[in-house]
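Fold and geometry: a report
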Amino acid sequence: MWCHRLSHLQSRLQNLLRRGVTCWAFQQLNFKSLFPLAIHLHHTASESLNCAWQQHEDHFELQYANTVMRFDYVWLRDHCRSASCYNSKTHQRSLDTASVDLCIKPKTIRLDETTLFFTWPDGHVTKYDLDWLVRNSYEGQKQKVIQPRILWNAEIYQRAQVPSVDFQSFLETNEGLKNFLQNFLLYGIAFVENVPPTQEHTEKLAERISLIRETIYGRMWYFTSDFSRGDTAYTKLALDRHTDTTYFQEPCGIQVFHCLKHEGTGGRTLLVDGFYAAEQVLQKAPEEFELLTKVPLKHEYIENVGECHNHMIGVGPVLNIYPWNKELYLIRYNNYDRAVINTVPYDVVHRWYTAHRTLTVELRRPENEFWVKLKPGRVLFIDNWRVLHGRESFTGYRQLCGCYLTRDDVLNTARLLGLQA
């Protein structure tokens, strides 16, 4: 019996080599195929494409474009782009995923130049371009950045000399709007100059790129240091670096600031790239970075001033990452609004405090602080998921207006202009 199996294996290997199977495919051969309930492997290769594939019992394996990919058979059937399965006009799936047999396997697989053809038990044929599979595979996504960014400290940002966009160009031309959004996506902040210092013109500016997100502060907020709301922002006190609305389940995506008037001193705005600081933590203390991505915290806003009565709670880790490629997409950092830590055991809490201190040290490094004086006519847009802002104390009368924008709509505008967002 053993001699028969070894002879059969030798014959198979010789056949594979005569067919030009790559070394990669040869090395992946599973010797368990000699036994009952074995994994049955099928190989093909194209030297010109540097492509090889294997049909396993429970998945399909493909090597192409220097990437080894593995696809579940249900996934391959579910993502079929044929006319009966996918509406190419609406870009929506027509196939009922729940109707796909969870034990489905293709009857045959064929590679024709750069296209793979899967024939299923019912005769339906699914075809995939190899490049499409690379772009949409899990392994391909692990190597891909969702949002390209330029991380910065004060020196890097100032040396870049990022240009502001003129108000009229922003409103009237796609080129001006595109330049603005490109800077905003790369750096997390952007400025518009020569804006008439009124709330109406600030609103018009914001509506050019997004719907305005109405919150407990209203649609367009307008404030002075009269403590009309239960928030430190409505005072003349200094504000340490923070992100806003951490007490929302989904913090506001973009914040707009316009200083309409200031008759006094001080009041400069502090900006810190939270992603730059987080990257320093990742390089110096990766285990602490990971902890900050996993420990859930409550943030809370309680207000009982005049007719305003609010009690809002948002839950999430300080650092939020995409699990497949570890890319950071949101920082939730606000020491003012962090609630009682009662969501983790005591031993994790102490390790979290250590990690939080490491991040805070990076955020408070003087070289990471970019200070800017807001003035009438200059509007600042801040990515509230990335850039922390603060303020030095001030004297005199100071009027600010602004709003929050819906993140999805800003990114939608950018994509319509051809930007990666």
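Cut-offs and rules
Residues numbered from 1 in each chain as written. Predicted model: local features only at pLDDT ≥ 70, side-chain atom pairs only at ≥ 80, totals over all residues. Heavy atoms only, no water. UniProt positions renumbered as here; feature names shortened; annotations may be inferred. Helix = DSSP H or I, 4+ residues; strand = E, 2+ residues; numbered from the N terminus. Buried < 20%, exposed > 50% of the residue type's maximum accessible area, 1.4 Å probe, protein only. Areas by Shrake-Rupley, 256 points an atom, 1.4 Å probe, with all protein chains shown as cover. Salt bridge = Lys/Arg side-chain N within 4 Å of Asp/Glu carboxyl O. Expected span 1.5 Å × (residues − 1). Arc of directions from axis to C-beta. Core = buried A, V, L, I, M, F, W, Y, C linked by side-chain atoms within 4.5 Å. Phe/Tyr/Trp six-rings, centres within 6.5 Å; stacked < 30°, edge-to-face > 60°. Lys NZ or Arg CZ within 6 Å of the ring centre and 35° of its normal. Contact = heavy atoms within 4.5 Å. Axes fitted to C-alpha atoms, helices over the stretch in contact; angles between N-to-C directions. Parallel < 35°, antiparallel > 145°, perpendicular 65-115°, else oblique. Left-handed = near helix turned anticlockwise from the far one by under 90°. Nonpolar A, V, L, I, M, F, W, Y, C, P; charged D, E, K, R; others polar. pLDDT = per-residue confidence, 0-100.

Looking at an unreviewed UniProt entry, one finds the protein named Trimethyllysine dioxygenase, mitochondrial and attributed to Callorhinus ursinus. Taken verbatim from the UniProt record of the protein, the Subcellular location (unreviewed entry) comment is "Mitochondrion matrix". In its Function (unreviewed entry) section, the UniProt entry covering the protein states "Converts trimethyllysine (TML) into hydroxytrimethyllysine (HTML)."

This part takes up the overall build of the protein. Along the protein, the regular secondary structure elements total 13 helices and 24 strands. Counting the 421 residues in the protein, one finds 50% classified as buried. A total of about 21500 Å² of accessible surface is found on the protein, and carbon and sulfur atoms cover 51% of it.

All chains considered together, the criterion is met by 18 salt bridges. One salt bridge in this structure joins Glu-203 and Arg-219, with 2.3 Å as the shortest N-O distance. On the criterion of sequence distance, the pair formed by Glu-203 in helix α9 (residues 199–207) and Arg-219 in the loop between β12 (212–213) and β13 (220–223) is long-range, its members being 16 residues apart. What makes Glu-203 partly exposed here is its relative accessible area of 22%.

Here we come to helix α12 (residues 346–363). For an α-helix, the turn length of 3.6 residues means that residues three or four places apart are oriented alike. With 18 residues, α12 ought to run about 26 Å at 1.5 Å a step, and its terminal C-alpha atoms sit 25 Å apart, in line with that. Here α12 has its buried residues at Val-348, Val-349, Trp-352, Ala-355, His-356, Leu-359, Thr-360, Glu-362 and Leu-363. Each buried residue of α12 lies within a common arc of 150° when the element is viewed along its axis, so the set occupies one face. Exposed residues pointing more than 90 degrees away from the buried face of α12 are listed as Tyr-346, His-350 and Arg-357.

Our next topic: the nonpolar core. Where a protein is soluble and globular, its nonpolar side chains tend to be buried together. Membership of the largest hydrophobic core comes to 28 residues, with the highest contact counts inside it found for Phe-170, Phe-180, Phe-381 and Leu-405. Breaking this core down by element, the ones donating at least two residues are α7 (167–172), α8 (174–187), β11 (189–193), α9, β15 (254–263), β22 (379–383), β24 (397–405) and α13 (407–416). Judged by nonpolar contacts, the second largest core, of 26 residues, contains Tyr-157, Cys-252, Leu-374 and Val-387.

One pass over the structure, following the stated rule, counts 25 aromatic pairs. Summarising the aromatic geometry, the rings of Tyr-247 and Tyr-301 are spaced 4.9 Å apart at their centres and angled 20° between planes, so their arrangement reads as stacked. Here Tyr-247, found in the loop between β14 (239–242) and β15, pairs with Tyr-301, found in strand β17 (residues 297–305); they are 54 residues apart in sequence, far enough to count as distant. Judged on exposure class, the residue Tyr-247 and its partner Tyr-301 are both buried. Each member of the aromatic cluster is reached from another via a ring pair, and the members are Trp-53, Phe-60, Phe-71, Trp-75, Phe-118, Trp-120, Tyr-128 and Trp-132. Lying across the ring of Phe-191, Arg-378 places its NZ or CZ 4.1 Å from the centre. The positively charged end of Arg-398 is found above the aromatic ring belonging to Phe-394, 5.1 Å away from the centroid.

For Asp-383, the location among the structural elements is in strand β22. Using a relative accessible area of 7% as the deciding quantity, one classes Asp-383 as buried. Discounting residues that sit within four places of it in the chain, Asp-383 has contacts with Phe-184, Gly-188, Gly-253 and Arg-407.

Where helix α10 (residues 274–284) contacts α12, the two axes come as close as 9 Å, and the packing angle between them is 130°. Here α10 is positioned oblique relative to α12, judged by the angle of their axes. The two elements α10 and α12 cross, and the hand of that crossing is right-handed. Side by side, α10 and α12 meet where Gly-274, Ala-277, Ala-278, Gln-280, Val-281 and Lys-284 of the first sit next to Thr-358, Leu-359, Glu-362 and Leu-363 of the second. Partitioning the contact of α10 with α12 into residue classes produces five nonpolar, three polar and two charged.

Model confidence for the protein is summarised by a mean pLDDT of 89, while 86% of its residues fall at 70 or above. Contacts from residues 1–10, a stretch scored under 50 in pLDDT, to residues over four places away or in other chains number seven contacts. Long-range and interchain partners of residues 12–42, a stretch whose pLDDT sits below 50, account for 53 contacts in this model, where long-range means more than four residues apart.

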